[in-house]
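# Report on the structure
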Amino acid sequence: MNQKLIALDLDGTTLNPEAKISLKTQETLTQLQSAGHIVSIVTGRPNRLSEPFYHQLGRTSLMVNFNGALMHIPGQNWSDEYQYTINKDVVFSLFQLKERFKIQMIAAEGKTMFLADQAYSNTFSFFPATLKSDEILTRKSLQQDPAAVTVFVEREDQAALRAEILRQFPQVSVNTWGGPASVLEIVHHGIQKATGLERLANHYQIDQADIIAFGDESNDLDMLAYAGTGVAMQNAIAPVKAIADDITPLTNAQDGVANYLRQYFKMD
């Protein structure tokens, strides 16, 4: 069998509902890496929230964060690392729009940066409930262009705020998160997970036909479409299942990725 590039979304895919990697998934991915296949994380998460999983899996491959805006090797200085950023003026404009659009929190992030204008208590742990003094987002503290800006906004204002951001800054893309939270994510125009996946494949000299990608949400659509085999999770949203080449029989709560790979590579 040809060497494969296995691209893994994290939340709702590789991670179970408790946001953990099961032992079966860990062992399966380790065996595939040992057999010569390449296993890479391609996630919307910032690197600060995905590197623990990278190290848990014992990865040495490249990792893609911020839905394609950053590709790097955690803990190393890699000459071909890239990070697409957006102008920090986008953040300053959002400050002016807070009252008009009922914005609850703004966070600006990059590989080595995390800043938020206020703490935000929520049911998931993507953002801290309390901020350190050097994590507070202000005009003065934001000294570099971020890779991604995350905006929590009232659901009723989400579409109007997205339209206003695109009107002022046509050079960005504005995506929405899946799930119950009303969140907009702003990144460099045209950047998506497929951007990182293509760069991964080129780096490892893997043909597009030999890419297997797993995902469950709207930010995975382009990645699954680009891969030779795009696999939707059983728990994926309907549009992802509609474009996928295959669907896992089991959900992320049932080790869907591990079971699919073990059958595909005839490991059992």
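Refer to the preceding data block for the structure.
The text that follows walks through the structure, step by step, so that each part is easy to find.

## Considerations on the side chain of Lys193
Looking at where Lys193 falls in the secondary structure, it is placed in helix α6 (residues 193-204). When its relative accessible area of 0% is taken as the criterion, Lys193 is described as buried. Here the side chain of Lys193 touches Val42 through a polar contact of 3.3 Å, landing on its backbone oxygen. Apart from the residues lying within four places of it in its own chain, the contact partners of Lys193 are Asp9, Val42, Thr43, Gly44, Asn67, Gly68, Asn219, Asp220, Asp222 and Met223.

## Digging into the pattern of salt bridges
All told, the structure shown has twelve salt bridges when counted by the stated rule. Measuring nitrogen to oxygen at the nearest pair gives 4.0 Å for the salt bridge that ties Arg100 to Glu164. With a gap of 64 residues between them, Arg100 in helix α4 (residues 89-101) and Glu164 in helix α5 (residues 158-168) connect regions that are remote in the sequence. According to the relative accessible area criterion, Arg100 is exposed, its value standing at 54%. Connected via shared salt-bridge partners are Asp9, Lys193 and Asp220.

## Describing the nonpolar core
Residues Leu5, Ile6, Leu197, Leu200, Ile211, Phe214 and Leu261 are the most contacted members of the largest nonpolar core, which totals 46 residues. Setting aside residues up to four positions removed in sequence, Leu197 forms contacts with Leu5, Ala7, Ile211, Ala213, Met223, Tyr226 and Ala227. In terms of nonpolar packing, the next biggest core, distinct from the first, is built from 24 residues, Val91, Leu115, Leu142 and Leu184 among them.

## What to know about the packing of aromatic side chains
Applying the stated criterion to the full structure yields seven aromatic pairs. With centroids separated by 5.0 Å and ring planes inclined at 65°, the aromatic side chains of Tyr82 and Tyr84 adopt a geometry described as edge-to-face. For Tyr82, a relative accessible area of 8% gives the class buried. Overall, Tyr84 belongs to the partly exposed group, its relative accessible area being 27%. Seen from their ring centres, Phe127 and Phe152 are 5.6 Å apart, and the 80° between their planes marks the pair as edge-to-face. Placement of the pair is Phe127 in the loop between β7 (113-116) and β8 (148-153) and Phe152 in strand β8, with a sequence separation of 25 residues. No difference in accessibility class separates Phe127 from Phe152, as the two residues are buried. Three or more aromatic residues joined by ring pairs form one cluster here, namely Phe214, Tyr260, Tyr264 and Phe265. The positively charged end of Arg48 is found above the aromatic ring belonging to Phe114, 4.4 Å away from the centroid.

## Considerations on the packing of α4 against α5
The geometry of α4 relative to α5 is characterised by a closest axis approach of 11 Å and an angle of 150° between their N-to-C directions. By the angle between their axes, α4 is roughly antiparallel relative to α5. Judged by the sense of rotation from one axis to the other, the crossing of α4 with α5 is right-handed. Together, Ser93, Leu94, Leu97, Arg100 and Phe101 of α4 and Ala160, Leu161, Glu164, Ile165 and Gln168 of α5 make up the contact between the two elements. Its residues assigned to classes, the contact of α4 with α5 shows six nonpolar, two polar and two charged.

## Re α6
Here α6 contains twelve residues, and its C-alpha end-to-end distance of 17 Å stays within 8% of the 16 Å for a straight helix at 1.5 Å per residue. Among all positions in α6, only Lys193, Ala194, Thr195, Gly196, Leu197, Leu200 and Ala201 are buried.

Calculation notes
Residues numbered from 1 in each chain as written. Predicted model: local features only at pLDDT ≥ 70, side-chain atom pairs only at ≥ 80, totals over all residues. Heavy atoms only, no water. Helix = DSSP H or I, 4+ residues; strand = E, 2+ residues; numbered from the N terminus. Buried < 20%, exposed > 50% of the residue type's maximum accessible area, 1.4 Å probe, protein only. Polar contact = N/O pair within 3.5 Å; in protein donor to acceptor, adjacent residues only side chain to side chain. Contact = heavy atoms within 4.5 Å. Salt bridge = Lys/Arg side-chain N within 4 Å of Asp/Glu carboxyl O. Core = buried A, V, L, I, M, F, W, Y, C linked by side-chain atoms within 4.5 Å. Phe/Tyr/Trp six-rings, centres within 6.5 Å; stacked < 30°, edge-to-face > 60°. Lys NZ or Arg CZ within 6 Å of the ring centre and 35° of its normal. Axes fitted to C-alpha atoms, helices over the stretch in contact; angles between N-to-C directions. Parallel < 35°, antiparallel > 145°, perpendicular 65-115°, else oblique. Left-handed = near helix turned anticlockwise from the far one by under 90°. Nonpolar A, V, L, I, M, F, W, Y, C, P; charged D, E, K, R; others polar. Expected span 1.5 Å × (residues − 1).

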